[in-house]
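Below are the chains, spelled out letter by letter.
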Amino acid sequence: MRGPAEKPLSGLFGLGDVVLRFLLFASALVAVILLVTSNQTKRIPIPVPPYLIPRTAKFTQAPALIYYIAAISVAGFYGVVTTLISLYALLKPGSFPRLVSHFVIFDVLLLGIVAAAVGAAGAIGYTGLKGNSHVQWGKLCNVYDYFCRHISASISVSLFGSIVLTLLILLSVSALSKRIPKQTY
């Protein structure tokens, strides 16, 4: 007979976990594709002949965007691996509770990494959009509009991924808290 601490988790929880983990993978994949396809070349006017020179804006030119794509790629890989493990655990009864306790730790760590990466990319995006008059950095988004749209879309999708990670953490903590035996006084 099972005690209160050994109640099986509901199949609905497991299904929700699998769906959220797949959404994490999908959002990371879309964010990476948007960023990788953001290259744009424009002919920029200069004061000396030949008057127009081609300049390319790439995500590889900003270290913060390189960190961002690395972190989002890790999130996507983590999403694939944990989705497959969750599916396996869903099909094999009794193994899911042990996985939840491990998943919640890694979910929190990954949320911190993704949040830092999105913040760094957002700072670059904001500087590109508004410029910085204090250090004489001009606006880039009025010249490289396609590049900026892709970066902003990538950051937006990554914010969705951060929300998915937060929901995963809440779901896991909720499932773990149900396994704590109730004390009567």
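The structure presented is a predicted model; accordingly, all values stated were derived computationally and were not measured.

On to the pattern of salt bridges. Inspection of every chain in the model, using the stated rule, returns 3 salt bridges. Between Asp17 and Arg21 there is a salt bridge, with the nearest N and O atoms lying 3.0 Å from each other. Highlighted residues: Asp17 and Arg21, both in helix H1 (residues 11-36), separated by 4 residues, approximately one helical turn. Connected via shared salt-bridge partners are Asp17, Arg21 and Asp107.

Let's shift gears to the packing of H1 against helix H2 (residues 63-91). One way to put it is that H1 packs onto H2 with a least axis distance of 8 Å and a crossing angle of 155 degrees. One way to sum up the angle between H1 and H2 is to call them roughly antiparallel. Both H1 and H2 take part in a crossing whose hand is left-handed.

Looking now at the nonpolar core. In this structure, Leu65, Tyr68, Ile72, Leu110, Val114 and Phe147 are the most contacted members of the largest nonpolar core, which totals 31 residues. Elements with a minimum of two residues in this core: H1, H2, helix H3 (96-130) and helix H4 (145-178). In contact with Val114, not counting residues within four places along its chain, are Ile72, Ala75, Ser158, Ser162 and Leu165.

This next bit is on the UniProt feature "transmembrane region" (unreviewed entry) in the protein chain. UniProt feature "transmembrane region" (unreviewed entry): in the numbering of this structure it lies at residues 12-36, 65-91, 103-129 and 149-173. The span residues 103-129 is 100% helix and 0% strand, and its two end C-alpha atoms sit 37 Å from each other.

Moving on: the packing of aromatic side chains. Two aromatic rings, taken as a pair, are described by how far apart their centres are and by the angle between their planes. Following the criterion strictly, the structure yields 1 aromatic pair and no others. Aromatic side chains Phe22 and Phe25 sit 6.1 Å apart centroid to centroid with 50 degrees between the ring planes, which places their arrangement in the tilted category. Of the two residues, Phe22 and Phe25 both sit in helix H1, 3 residues apart, roughly one turn of that helix. Given the relative accessible area of 47%, Phe22 is considered partly exposed. The partly exposed category is assigned to Phe25, whose relative accessible area is 24%. In this structure, Arg21 is placed above the aromatic ring of Phe103, and the distance from its NZ or CZ to the ring centre is 4.2 Å.

A separate point is the side chain of Ser162. Mapping Ser162 onto the fold places it in helix H4. Every residue in contact with Ser162, bar those within four places of it in the chain, is listed here: Leu111, Val114 and Val118.

Bringing the state of the cysteines into the picture now. One pass over the structure, following the stated rule, counts 1 disulfide. With a sulfur-sulfur separation of 2.1 Å, Cys141 is cross-linked through a disulfide to Cys148. Here the S-S torsion is close to -90 degrees, and the disulfide linking Cys141 with Cys148 is therefore left-handed. Just as Cys141 is buried, Cys148 falls in that class too.

The rules behind these values
Residues numbered from 1 in each chain as written. Predicted model: local features only at pLDDT ≥ 70, side-chain atom pairs only at ≥ 80, totals over all residues. Heavy atoms only, no water. Salt bridge = Lys/Arg side-chain N within 4 Å of Asp/Glu carboxyl O. Helix = DSSP H or I, 4+ residues; strand = E, 2+ residues; numbered from the N terminus. Axes fitted to C-alpha atoms, helices over the stretch in contact; angles between N-to-C directions. Parallel < 35°, antiparallel > 145°, perpendicular 65-115°, else oblique. Left-handed = near helix turned anticlockwise from the far one by under 90°. Core = buried A, V, L, I, M, F, W, Y, C linked by side-chain atoms within 4.5 Å. Buried < 20%, exposed > 50% of the residue type's maximum accessible area, 1.4 Å probe, protein only. Contact = heavy atoms within 4.5 Å. UniProt positions renumbered as here; feature names shortened; annotations may be inferred. Phe/Tyr/Trp six-rings, centres within 6.5 Å; stacked < 30°, edge-to-face > 60°. Lys NZ or Arg CZ within 6 Å of the ring centre and 35° of its normal. Disulfide = S-S within 2.5 Å.

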